[in-house]
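Chain and residue survey
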Amino acid sequence: MPHTVEKIGGTSMSRYQDVLQNIWLKESNNTLFNRIFVVSAYGGVTDRLLEHKKTGEAGVYSCFAEAEEPYAWQEMLSEVEEQLVDINTEMFSGATLAQANSFIRTRVSEVKNCMTNLHALCSYGHFQLQQHLANVREMLASIGEAHSAYNSTLLLQTHGVNARFVDLTGWKQATELPIDQLITQTFSGIDCSKEIVIATGYANCQEKLMKTFDRGYSEMTFSKIASITGAREAIIHKEFHLSSADPRIVGPNNAIPIGTTNFDVADQLSNLGMEAIHPKAAQGIRKSGIKIRVMNTFEPDHLGTIIDNDYCNPCVEIIAGRNDVFAIQVFDQEMLGSPEHDIAISRLIKELKLHMVNKEADANSITFYLTGNRKMVNRLVRLIEETYQYAEVEVQKVAMVSAIGSDLKIEGILSRTISALSSAGINVLALHQTIRQVEMQCIVAQSDYERAIKALHHALVEQENHGNVISEAIAA
C-alpha cells in the first residue's frame, strides 16, 4: 500500500502550528494525502485527566477513585474543560471556535454526568465503584485524544485540506469490538488517497488497551492501524531526534541522530523509560515487516532514524539511563537454593505497579532495580519484611547508565567502560551485561548520573566516531 501511518506525540501536538507546517502541509511523495495520523492529547492534558505521569500528582481520575473529597473531581474536570477551551481559543476564531467548543463541552458534560450517576449508583451495596474504575479511566483518557483529533481535523479544513476525523473512542458505541475488527471496519470505507485521516490515539475495544499498556495505549492504536491497513512505513513524530545521548547532558554538538537501529535497541530504551515505541506495540509492526521511522517534528527535512528488524552493527549506538532508580536489596539466608523469594517479590512488584528495570542475585540476596512511586516502594518494603521474618531489606536511590547497541560483541568494550568511569572519578556500584550483548548497564550513585553519561558517551561514541572518520580518511 502507498500510505503511511504516523503518530504525533503530545508535546509536538501542543505546537500545532509547527505540526501544521512541518508535517500536515508538507507534501510527501508530491501529495498531501495517503497519510493516516494517530494523534495524542495536547501536552499535559492526560496528566490532568488521570494523574501526572512522572510526579503522581492527582488528576480527575485519581480524585474520583480515591474519593477523599467527594466533589474535588468535578471541580478538577471543570478546570480541565476550561483548559481545553483555552486551547481552542488559541487555535480558532468565529464559527470554527464555536464548533470546537461545542464538541468538547458536550463531550466533557456527558462524561461528568456519567461519572456523577455512577457515583450515586455505587452508593448502593450491590454496586462497587472499584469494579468500574478501569472503564472510568479509559473514558477520561479518551477526552484528550478526541479533543486533539477533532481540532486537528478542523484546523486542516480551515486551510482548505480535505480531512476526516476518525473517532475510535467508542463514544456511545453499542458494543465493544476486538481491536482488529474495530480498525478493519473503521478503515474499510476510507480512501486515504483523497483525504488526510486524523484518528484518535485512544481506541475503545474489548482488549481494554489501558489495562495492558496504561499510558502507552496510543502506540498500540498506531501499531494496529499500521499493520492492519498494510502501511508502507510507520512514522513517529517526536520533539527530539533518537540520538546517541541526551543533548541537554552531552551537548547538542556531541549528540548525533543514530540514523538506523533495530527493535532490540528500541526495547532496551523502552525499559529505561525512553520509549521510541512500546515493545508490545512494536511487535505487530515488526511481524508485519514494516519499518519504523522516528522523526523530529521541528526538523522536517531530516530523514530521522529508521528502526529496522534486520539491522545489526557492532558499535555503541546510544548512551542512556535514568536517575530515579530504587535499588531494593533483600538479604535472607533462607533464600539459598530456592526461587521462592524471587517469585513472590516479583509478584508483589507487579501488584503494586512498580516497573522492574533489572534484578541481580547471589547465593543469599536479590537486588531489584525499580522505578515508580516512593509510596509504593515503601509499601513493598513493608510487605517483604512482613512476609520474610528474617529478611534484611535495604533501599538505596541510584542511577542506571547504559551503553546500548544492536551488537555489543566488541573486544575491550567492558574495560573501556570501566576505565572511562574510573577516569571520571565515578565508582561503579554494579555492572550488568547479558549474553545477548545489546546493553551494558552500570549502576552508579545518583549524584554521578550526568557525569557518567558524559564519560561513557565521550569514550564509547565520540572517540569511536572520531576514530572511524580518521580511518576512512586514511583509506581514501
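It should be noted that the structure appears before, not after, this text.
Residues numbered from 1 in each chain as written. Predicted model: local features only at pLDDT ≥ 70, side-chain atom pairs only at ≥ 80, totals over all residues. Heavy atoms only, no water.

**Details of the overall build of the protein chain**
Quick reminder of the rule: Each helix is a run of H or I in the DSSP string that is no shorter than four residues. Each strand is a run of E no shorter than two, and both are numbered from the N terminus. When we talk radius of gyration, it's over C-alpha atoms, and the globule rule is simply 2.2 Å times the number of residues to the 0.38. The contact definition used throughout considers only heavy atoms, calling two residues in contact when any of these lie within 4.5 Å. A positive count includes Lys and Arg, and a negative count includes Asp and Glu. His and the chain ends are not counted in either. Every charge is mapped to an atom, namely NZ of Lys, CZ of Arg, CG of Asp or CD of Glu.
Regarding its fold elements, the protein chain presents 17 helices and 14 strands. Its C-alpha radius of gyration of 24 Å places the protein chain within 12% of the 23 Å reference for a compact globule of 476 residues. Relative to all contacts within the protein chain whose residues are 6 or more apart in sequence, the contacts with residues 24 or more apart total 75%. One finds the centroid of the 41 positive side-chain charges in the protein chain at a distance of 4 Å from the centroid of its 57 negative side-chain charges.

**Observations concerning helix α15 (residues 374-387)**
Along an α-helix, a turn takes 3.6 residues, which lines up residues three or four apart on a common side. Test applied: Any helix carries an expected span of 1.5 Å times its number of residues minus one. In this scheme, a residue with accessible area under 20% of its type's maximum is buried, one over 50% is exposed, and one in between is partly exposed, where area comes from a 1.4 Å probe on protein chains only. In this context, the arc is that of the directions from the helix axis out to the C-beta atoms.
In this model α15 runs 20 Å from its N-terminal to its C-terminal C-alpha over 14 residues, within 8% of the 20 Å that 1.5 Å per residue would give. Taken as a whole, α15 has its buried residues at Val-377, Leu-380, Val-381 and Ile-384. One side of α15 carries all its buried residues, which in axial view fall inside an arc of 100°. Among the exposed residues of α15, those oriented more than 90 degrees off its buried face are Lys-375 and Glu-386.

**As for the packing of aromatic side chains**
Our working rule: Note on ring pairs: Phe, Tyr and Trp rings are taken, using the six-membered ring of Trp, and paired if centres are within 6.5 Å. Classes follow the plane angle, with under 30 degrees stacked, over 60 edge-to-face and the rest tilted. For a Lys NZ or an Arg CZ to count as sitting over a ring, it must be within 6 Å of the ring centre and within 35 degrees of the ring normal.
Summed over all chains, the structure comprises six aromatic pairs. When the ring of Phe-64 is compared with that of Trp-73, the centres are 5.3 Å apart and the planes differ by 90°; the resulting orientation is edge-to-face. Accessibility classification places Phe-64 together with Trp-73 in one group, the buried group. The structure contains a cluster of three or more aromatic residues connected by ring pairs, namely Phe-103, Tyr-150 and Phe-165. Its guanidinium or amino end placed over the ring of Phe-298, Arg-15 lies 3.7 Å from that ring's centre, counting from NZ or CZ.

**Observations regarding the packing of helix α10 (residues 217-229) against helix α13 (residues 279-287)**
Stated precisely, the cut-off is as follows: Fitting a line to C-alpha atoms yields each axis, with helices limited to the stretch in contact; the angle taken between N-to-C directions then spans 0 to 180 degrees. Roughly parallel covers angles under 35 degrees, roughly antiparallel covers those over 145, roughly perpendicular covers 65 to 115, and oblique covers all other angles.
At a minimum axis distance of 8 Å, the contact between α10 and α13 shows a crossing angle of 5°. If you check the angle between α10 and α13, you find them roughly parallel. In this structure, α10 contributes Glu-219, Met-220, Phe-222, Ser-223, Ala-226 and Ser-227 to the contact, and α13 contributes Lys-280, Ala-281, Gly-284 and Ile-285.

**Here's the deal with the sheet that holds strand β11 (residues 365-371)**
Operational definition: By this definition, two strands are paired if DSSP reports at least two bridges between them.
The strand order across the open sheet built from six strands is β10-β11-β9-β12-β14-β13, with neighbouring strands paired in antiparallel fashion. Two strands bound the open sheet, and with one partner strand each, they are β10 (355-361) and β13 (430-433). Here the average twist between neighbouring strands, direction ignored, is 30°. Relative to β11, β10 is paired through six bridges, and the arrangement is antiparallel. Residue Met-356 lies in a different strand from β11, and its bridge partner there is Leu-370. Across the face of the sheet, helix α12 (residues 263-271) comes into contact with β9 (318-331), β10, β12 (392-404) and β14 (439-445) while running at roughly 55° to β9.

**Here we look at helix α14 (residues 340-351)**
Under the 1.5 Å per step criterion, the end-to-end length of α14 is 17 Å for 12 residues, consistent within 8% with the ideal 16 Å. Those residues of α14 lying buried are His-341, Ile-345, Leu-348 and Ile-349. The buried side chains of α14 occupy one side of the element, clustering within an arc of 100° when seen end-on. Facing away from the buried side of α14 by over 90 degrees, the exposed positions are Lys-350 and Glu-351. Here the buried face of α14 lies against β9, β10, β11 and α15. Lys-353 sits one or two positions beyond α14 and adopts a positive phi of about 60°.

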